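Chain by chain, the residues:
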Amino acid sequence: MNAFFRTWAWPVAVFLAVIFGWAGACQLFKIPPYILPGPIAVLNAVIERRENLWFAFRVTAFEAAGGYVLSIAAGIIIALFFAQSAAIRRSLYPYTILLQTVPIVAIAPLILMWFGSGTRSVMLVAFIICLFPIIANTTQGLISVPRNLVDLFVMSNASRMQMLLDLRLPHAVPSLFIGLRISGGISVIGAITGELFASSNAVGQGGLGYSITYANSQLQTDYLFALVLTASALGFLFFFVVVFFEWLLLRQWHEAAMKPQME
Amino acid sequence: MTNPQTVSAPAEGQTALPFPGPPFITIRDVTKTWPNGTTVLSQVQLDVAKGDFISLIGPSGCGKSTLLRLISGLSPMSSGFIQIDGMIPENAREIMSFIFQDATLLPWRTVSRNVELGLELQGGETRGNRAAKARELLKLVGLQSVADHYPRQLSGGMKMRVSIARALAIRPKILLMDEPFGALDEMTRDFLNEEVLRLREVDKFTTFFVTHSVSEAVFLSNRIMVLKANPGQIHREIQVPFPNPRSASLRSAPEFLALVGEVSSALRAVKSQK
């Protein structure tokens, strides 16, 4: 009980301080609600607009998850290819870094122009933004097997396939999960970025990104706040799903997964 | 005592070969040069009989670990030749096991699945047979109770015993050990030394053992090769006359301590040559 209290007392105290500080500031400085609505107004918006929020949440979750899953599949395949030789890595790695350095906001309009405005394009934006962390971390895991372990397999006359399936792949799983954690969070950012451009010409309801543009243009700042909260909740959900699978797969043997910690 | 680089007859307590045939392992004029021009080993000669326990000891940079890698075929030699039971090293891997300084266990496999690894990679055994063999070997090294544990749950000494069990699982005729107990505390090391001798009574493997510890070398081997550095060569062979099986009490016998002294002074001589 005491340990429980010590773990949660401070985060809860900080939360309450922020909420009360926020509410107090709105009252004290008489901030108009379209600039900064108070916590009560935001809570009201969440309750009143829950059906819109839930709909937008599902649309964005589907798009983000689609791009994310595709990036995992493609990322692992590309990493397996990269792990084959240093020459392949030297020739192709610089171009994968482009995936990371090109501003996604700048190329999202291009993607929409090429692939049309809709779910497919939004998924593609999420896919592009998720791909690099998966490739980079999985490749690192595949090629960083300790030399003695490789020698051990050579001494057993292991085939190339055995070396890959029984040594390199399992060794790369913890690194893969580092990539999955990073990409899980940014897949939501990718999907919302895509929607800012994609769904804006579809009148009616769209995902969180579309709804954010809409709420902004209508000065419905309390709804905007509710949407931002929903978007972070979606990011958290992705993150915890990844952490859960990581714990499931690695808890037996990997130090990092032994005790899930709040860090 | 013995001349450098001589071909020795099997020591006392060893079964001599019935006929003077070719030696089990022949190492002739073996030279290893790194790409940067450093000569690690130069003109090494060594004949090894079946059942020999050979320790390689010497200052760092004398090439003792390199010699082990050449025998295993993990690293190619620059010139000379090594013949193992009539085969070149790369073809003799099926009768050899390598034990590294760290236990090199696969952390994602349980202890018994680690012991099965060699059999699994070689193929030709059913899963049930492999598991049965692993159980048998874990019993041999006294670890049957942790068969389903993962390596991270074991102490350093236990990990090394698992590594030894895995090496023995393929029933090797030759065991190559590269400072296997270097990272362990002295009590664990002494215990594992006795374990190695006991296992050797069971399986009669031929052993190459790289070490920095003089008393470990004297306790285990029947032949000790003192190597010198720059370039690496066998400076002197010292024979260990104690019969097998040996017990822990040998360590306090005056003959044992005298031989430890002799090997130590040979090592000092080699070090001062630089």
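Once a new chain begins, its residue numbering starts again from 1 and follows that chain's sequence as written. The lettering of chains begins at A and the numbering of ligands begins at 1, in the order of writing. A pLDDT threshold of at least 70 governs which residues receive local features in this predicted model, and a stricter bar of 80 or more applies before side-chain atom pairs are shown or counted, although totals over entire chains, interfaces and linings include all residues.

(A) Spotlight on the overall build of chain A. Secondary structure elements are defined from DSSP: runs of H or I of at least 4 residues count as helices, runs of E of at least 2 residues count as strands, and each element is numbered from the N terminus. Counting its secondary structure elements, chain A contains ten helices and zero strands. Beginning at the N terminus, the succession of helices and strands in chain A can be written as α-α-α-α-α-α-α-α-α-α. With the C-alpha coordinates aligned to their principal axes, the bounding extent of chain A is approximately 75 × 60 × 30 Å. Backbone-placed C-beta atoms define the burial measure: a residue is buried with 20 or more other C-beta atoms within 10 Å of its own, exposed with 12 or fewer, and partly exposed in between. Scored against the burial criterion, the 263 residues of chain A give a buried share of 35%. Each residue is represented by a C-beta atom placed from its backbone, and any two residues with such atoms within 7 Å are regarded as in contact. The contacts of chain A with a sequence gap of at least 6 include a subset with a gap of at least 24, amounting to 74%.

(B) Region of the structure containing the pairing of strand β1 (residues 25-33) of chain B. Residue and element names in this part refer to chain B. If DSSP finds at least two bridges between two strands, the strands pair. Judged from the six bridges that link them, β1 and strand β2 (residues 39-48) form a sheet pairing that is antiparallel. Note that in β2 the partner of isoleucine 25 across the bridge is valine 48. Following β1, the chain reverses through five residues before pairing antiparallel with β2; glycine 37 in that reversal takes a positive phi of roughly 100°. In the sheet, β1 pairs with strand β4 (residues 79-84) via five bridges, with the strands oriented antiparallel. The residue bridging arginine 28 from the neighbouring strand is phenylalanine 81, located in β4.

(C) The arrangement of the sheet that holds β1(B) in detail. Residues and elements named next belong to chain B. Strand order in the open sheet formed by three strands is β2-β1-β4, and the pairing between neighbours is antiparallel. Two strands in the sheet have a free side with no partner beyond their single neighbour: β2 and β4. Between one strand axis and the next, the sheet turns through 15° on average, direction left out of account. Between N-to-C directions, angles cover 0 to 180 degrees, with each direction set by a line fitted to C-alpha atoms, over the stretch in contact for helices. Across the sheet, helix α1 (residues 64-72) is in contact with β1, β2 and β4; its angle to β2 comes to roughly 60°.

(D) Summary view of the confidence of the model for chain B. Residue-level confidence of the predictor is summarised by pLDDT, bounded by 0 at the bottom and 100 at the top. Looking at chain B, the pLDDT average stands at 90 and 92% of residues meet or exceed 70. Reported confidence for the predicted complex is 0.88 by ipTM and 0.85 by pTM.

(E) Broad picture of the packing of helix α3 (residues 50-82) of chain A against helix α9 (residues 208-217) of chain A. Residue and element names in this part refer to chain A. Where α3 contacts α9, the axes come no closer than 8 Å and their chain directions differ by 135°. The orientation of α3 with respect to α9, classified from their angle, is oblique. In this structure, α3 contributes Asn52, Ala56, Phe57 and Thr60 to the contact, and α9 contributes Leu208, Gly209 and Ser211. Counted by class, the contact of α3 with α9 contains three nonpolar, four polar and no charged residues. Put simply, angles under 35 degrees are roughly parallel, angles over 145 are roughly antiparallel, angles from 65 to 115 are roughly perpendicular, and the rest are oblique. Amino acid classes used here: Ala, Val, Leu, Ile, Met, Phe, Trp, Tyr, Cys and Pro are nonpolar; Asp, Glu, Lys and Arg are charged; the rest, including Gly, are polar.

(F) Spotlight on the interface of chain B and chain A. Taken residue by residue, the interface counts 16 residues in chain B and 16 residues in chain A. Contributions of two or more residues to the side of chain B that touches chain A are made by β5 (96-99) and α3 (117-122) of chain B. The dominant element in the side of chain B that touches chain A, judged by the number of residues it contributes, is α3(B), at three residues. Grouping the amino acids of the side of chain B that touches chain A by side-chain chemistry returns eight nonpolar, four polar and four charged.

(G) A look at the environment of Ile84(B). All names here are of chain B. Among the structural elements, isoleucine 84 can be located in strand β4. Classification of isoleucine 84 by C-beta neighbours within 10 Å gives buried; the count is 24. Placed 103 residues apart in sequence, isoleucine 84 and methionine 187 show a C-alpha to C-alpha distance of 35 Å.

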